[in-house]
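Structural characterization, general
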Amino acid sequence: MNNPLSSSRENSASVATCANSFDASPVSADTGSAFAPHAVDRLRQFCESQSTRVFNARGIALQRCPSCMLGHNTCICAWRKPTASTIDFVLLMHRDEVYKPTNTGRLIADLYPDQCQAFLWDRTRPDAELLALLDDPGRHCQVVFPPRDRETRIIETQVGAPDNQRRPTVILLDGTWKQARKMYSQATWLRALPVLDLTDAMTELDQQLGHYKVRQACETGRLATAEAAALCLQAAQDQANVHHLLNYFTVFNEHYVATRMNRKPARLKAHCDLENSQ
Ligand SMILES: [Zn+2]
């Protein structure tokens, strides 16, 4: 998605100079099978089982890796390093988003499979499991959206509850900006939740955000879902995961653009950093 938190910059990720020089064929085609299906994979499988139409993604003739949805020659699975985060993520996905190779919500599930849940957006009939999660007294759930309606919403600036006793859980609205705005404004069942104001985190991370080239032309000034998640991690002072997620996001961007341009991905510092991570 392109999350509505504003920022727009060209990708400034530098070309890597690490000793491990870039092999033009970065990964084998079979690495996708090494991972168990995560929440986004399971949601897509569910949607496919229900759908009577085929979603015609751009480049439908491309042979895609079943895990990262990129082309086999530009697969990013070799840089996918699952780990743990200080916060849990809930993706509320627009149905269209589930099928899009450009979706970056799945990058969050790739890295934090045990801490990322995904649900289909439904304005009037939200999933019962989702409602139970939002009501869970062991969690502190916060919606990520620019807090423009301060008079009618509870606005919070810290990730998680002040007492730190409950699991910090952020709700990310995964759709186009227009879809996300509707999700936010039209769902009565979301209105009781506090909204997380990430203004400070955005200031701190400003130089690194807005790298999402894939949809930049039509969504200038918006952040991708993965970037919004990185902002949440920044607000939670989880620096290691901020870098981990943004590096993976940078690799995704480079490989996606390479797929579209039918060229080999450039090797970036982000590749090296991910390879050197635990
Ligand atoms: Zn892959």
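Residues numbered from 1 in each chain as written. Predicted model: local features only at pLDDT ≥ 70, side-chain atom pairs only at ≥ 80, totals over all residues.

With that settled, the discussion passes to the overall build of the protein chain. For the protein chain, the helix and strand inventory stands at 9 helices and 8 strands. Looking at the protein chain residue by residue over its 278 residues, the buried ones come to 44%. Looking at the protein chain alone, contacts between residues at least 24 apart form 81% of all its contacts between residues at least 6 apart. (Helix = DSSP H or I, 4+ residues; strand = E, 2+ residues; numbered from the N terminus. Buried ≥ 20, exposed ≤ 12 C-beta atoms within 10 Å, placed from the backbone. Contact = placed C-beta atoms within 7 Å.)

Turning next to the pairing of strand 2 (residues 88–93). The element strand 2 is extensively covered by neighbouring structure, given that 5 of its 6 residues are classed as buried. As defined by bridge partners, strand 2 adjoins strand 3 (residues 116–120) across 5 bridges and the pair is classed as parallel. Directly across from valine 90, in strand 3, lies its bridge partner glutamine 117. (Pairing = 2+ DSSP bridges.)

Next up on the list: helix 9 (residues 269–276). Residues Ala270, His271 and Leu274 constitute the buried set of helix 9. For helix 9, the buried positions fall inside an angular range of 105° around the axis, keeping them on one side. (Arc of directions from axis to C-beta.)

Right, let's talk about the environment of leucine 190 for a bit. Residue position: leucine 190 is located in the loop between helix 5 (177–186) and strand 7 (195–196). Residue leucine 190 is classed as buried on the basis of its C-beta count, with 21 C-beta atoms lying within 10 Å.

This paragraph deals with the sheet that holds strand 5 (residues 155–156). Within a sheet, adjacent strands bond to each other through the backbone by hydrogen bonds, running parallel or antiparallel. Taken in spatial order, the 6 strands make up an open sheet running 3-2-6-4-7-5, and their pairing is parallel. Each edge of the open sheet carries a strand with a single partner, namely strand 3 and strand 5. In this sheet, strand 7 lies alongside strand 4 (residues 139–144) in parallel orientation, the contact comprising 2 bridges. Each bridged residue has a counterpart across the sheet, and for valine 143 the counterpart in strand 7 is valine 195. Across the sheet, helix 1 (residues 39–50) is in contact with strand 2 and strand 3; its angle to strand 3 comes to roughly 25°. Against the sheet, helix 7 (residues 225–235) touches strand 2, strand 4 and strand 6 (167–174), its axis set at about 155° to strand 6. (Axes fitted to C-alpha atoms, helices over the stretch in contact; angles between N-to-C directions.)

At a minimum axis distance of 8 Å, the contact between helix 7 and helix 8 (residues 239–261) shows a crossing angle of 170°. By the angle between their axes, helix 7 is roughly antiparallel relative to helix 8. Note that helix 7 runs across helix 8; the crossing there is left-handed. Every residue of helix 8 that contacts helix 7 at Ala226, Glu227, Ala229, Ala230, Leu233 and Gln234 is listed here: Asn241, Val242, Leu245, Leu246 and Phe249. (Parallel < 35°, antiparallel > 145°, perpendicular 65-115°, else oblique. Left-handed = near helix turned anticlockwise from the far one by under 90°.)

Okay, the nonpolar core next. Within the largest apolar cluster, 67 residues are counted, with the highest numbers of intra-cluster contacts made by Leu172 and Cys232. Contact partners of cysteine 232, with chain neighbours within four places excluded, come to Ile87, Val144, Val159, Val170 and Leu198. (Core = buried A, V, L, I, M, F, W, Y, C linked by C-beta atoms within 7 Å.)

The topology assignment puts aspartate 136 in the loop between helix 4 (128–135) and strand 4. Look at aspartate 136 and you get partly exposed, because 13 C-beta atoms sit within 10 Å. Sequence separation of aspartate 136 and arginine 166 is 30 residues, and the distance between their C-alpha atoms is 9.5 Å.

Two elements in contact, helix 8 and helix 9, have axes separated by 8 Å at closest approach and are oriented at 130°. By the angle class used here, helix 8 and helix 9 are oblique. Judged by the sense of rotation from one axis to the other, the crossing of helix 8 with helix 9 is left-handed. Here helix 8 contributes His243, Asn247, Tyr248, Thr250 and Val251 to the contact with helix 9, which in turn contributes Ala270, His271, Asp273 and Leu274.

Here we take up the confidence of the model for the protein chain. Model confidence for the protein chain is summarised by a mean pLDDT of 82, while 79% of its residues fall at 70 or above. Between residues 1–32, whose pLDDT stays under 50, and residues either more than four places distant or in other chains, the model counts 89 contacts. Below a pLDDT of 50 lies the segment residues 212–221, which in the model reaches 19 contacts outside its immediate sequence neighbourhood of four places, other chains included. (pLDDT = per-residue confidence, 0-100.)

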